[in-house]
Amino acid sequence: MDQEAVAAISPAQEEAVATSPNGSMSCPTCDGAAGSMPTSYIYAIGTIEAQFPGLSVKKEFAQAVGRADTAGQTDQEAFFEALSKRENRYLARQMCWVFTIQGLETYLLQPRDPMDLDRLIEAIRPQPSPMDLDVVIGIRGPIAPPEMCNGIMIPIVAFDQIYSFDRESLIKAIPRSENADEKKFQAAADHVFGRIMQMTDNAGATDEDRALNYLAMRYPAIYAKAAEQFGQGFALSAVEARPSALSGARKIIDVVFTYTNRNTDFTEKFLVRVDATEEFPFLVSKLSPYYDR
């Protein structure tokens, strides 16, 4: 796995977004070049699914599968092979690319660069697993019209980056100290990652959710600290993301991890700050002890 893998739109904006007959999206306000509303960014963790927008595309795709040698393949393997073939790229462009979070259809994905269609295809694994995950970074547009994807009406996201991996690979790729116990570290990292994923309504759309998801993907220190605290008899009792008092012209998010001693109920808190002003969040200050004022 690559080591890096680790708001509603106003009526005025909706009028400015045009969806072409083939489903491609032109959004003058999505990149902040026009319109008075601030751009809504997405940094979300979930899974990508390819769905048929209508009966005609489904029938055309079935013919493409029928022309291929699919002996011995599962339905998913045959689907992936047909979707991956260069001669079937016209069908890949017609598909609905649905991003699902915690089992809920959350976004319809559109590549801002047509060359990134390959990233969507690669996310449809020939042998899918419940541990598969995808990270989508992009810009949120309007709600899709019902005719765009077989009646699905969810926000369109024009993405700039997609990471596809499985949860086990992510955990194994996290750097750790040489003397760290491998199994205990992986257990701690998996627990922290799971807590972030299970936080209520984390659709990767708010600044707080984007900061959390960025840390989960790109900041291994939160996992190392969890392993250290678990080894000292502490439990991860809370993860909180909130606007920082340091926010001014930029949107700074304070993320606080609270650990509680299982025997004494004594708590220790650790703070990390993330700048979520623009599409790609970044670290402002490293993880350090935090004390309530």
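Refer to the structure above for everything that follows.
Since we're looking at a predicted model, the values are computed, not measured.

A. Quick look at the state of the cysteines. One pass over the structure, following the stated rule, counts one disulfide. Here Cys-96 connects covalently by a disulfide to Cys-149, the sulfurs 2.2 Å from one another. A residue pair is termed long-range when its members are at least 10 positions apart, and Cys-96 in strand S4 (residues 96-101) and Cys-149 in the loop between strand S6 (132-143) and strand S7 (155-166) qualify at 53 residues. Here Cys-96 matches Cys-149 in class, with each residue buried.

B. Quick look at the sheet that holds strand S5 (residues 104-111). One closed barrel accounts for five strands, arranged S3-S4-S5-S7-S6; its pairing is mixed. The average undirected angle you get between the axes of adjacent strands in this sheet is 55 degrees. Two elements, strand S3 (residues 41-51) and S6, share six bridges in a ladder whose sense is antiparallel. Paired with Tyr-41 across the strands is Ile-139, a residue of S6.

C. Quick look at the pairing of S3. The buried fraction of S3 amounts to eight of the eleven residues, a majority that puts the element mostly inside the structure. Sheet topology places S3 next to S4; five bridges connect them, and they run antiparallel. What sits directly across from Glu-49, in S4, is Val-98.

D. Up close: the side chain of Asn-88. One can find Asn-88 in the loop between helix H3 (75-84) and helix H4 (89-94). Apart from the residues within four sequence positions on either side, Asn-88 is in contact with Ala-64, Arg-67 and Ala-82.

E. Here's a closer look at the pattern of salt bridges. Applying the stated rule across the entire model yields 16 salt bridges. Ionic pairing is found between Arg-242 and Glu-240, a salt bridge with its closest N-O pair at 3.0 Å. Exposure remark for Arg-242: the relative accessible area of 24% places this residue in the partly exposed category. Residue Glu-240 is classed as partly exposed on the basis of its relative accessible area of 39%. Residue Arg-250 pairs with Glu-278 through a salt bridge whose shortest N-O separation is 3.5 Å. Linking Arg-250 in the loop between strand S8 (234-243) and strand S9 (252-261) with Glu-278 in the loop between strand S10 (267-275) and strand S11 (282-290), this pair joins segments that are 28 residues apart in sequence. In this structure Arg-250 comes out as partly exposed when scored by relative accessible area, which is 32%.

F. Structural view of the nonpolar core. One finds Phe-193, Met-217, Tyr-223, Val-255 and Phe-257 to be the most contacted residues of the largest nonpolar core, which totals 40 residues. Residue contributions to this core peak at seven residues, all from helix H7 (residues 182-198). Beyond its immediate chain neighbours, meaning those up to four positions away, Phe-193 contacts Ile-45, Leu-133, Arg-167, Leu-170, Ile-171, Ala-216, Met-217 and Tyr-223. Counting residues in each nonpolar core, the second largest holds 29 residues, with Leu-83, Phe-99, Phe-159 and Ala-205 among its members.

Procedures and definitions
- Residues numbered from 1 in each chain as written.
- Predicted model: local features only at pLDDT ≥ 70, side-chain atom pairs only at ≥ 80, totals over all residues.
- Heavy atoms only, no water.
- Disulfide = S-S within 2.5 Å.
- Helix = DSSP H or I, 4+ residues; strand = E, 2+ residues; numbered from the N terminus.
- Buried < 20%, exposed > 50% of the residue type's maximum accessible area, 1.4 Å probe, protein only.
- Pairing = 2+ DSSP bridges.
- Axes fitted to C-alpha atoms, helices over the stretch in contact; angles between N-to-C directions.
- Contact = heavy atoms within 4.5 Å.
- Salt bridge = Lys/Arg side-chain N within 4 Å of Asp/Glu carboxyl O.
- Core = buried A, V, L, I, M, F, W, Y, C linked by side-chain atoms within 4.5 Å.

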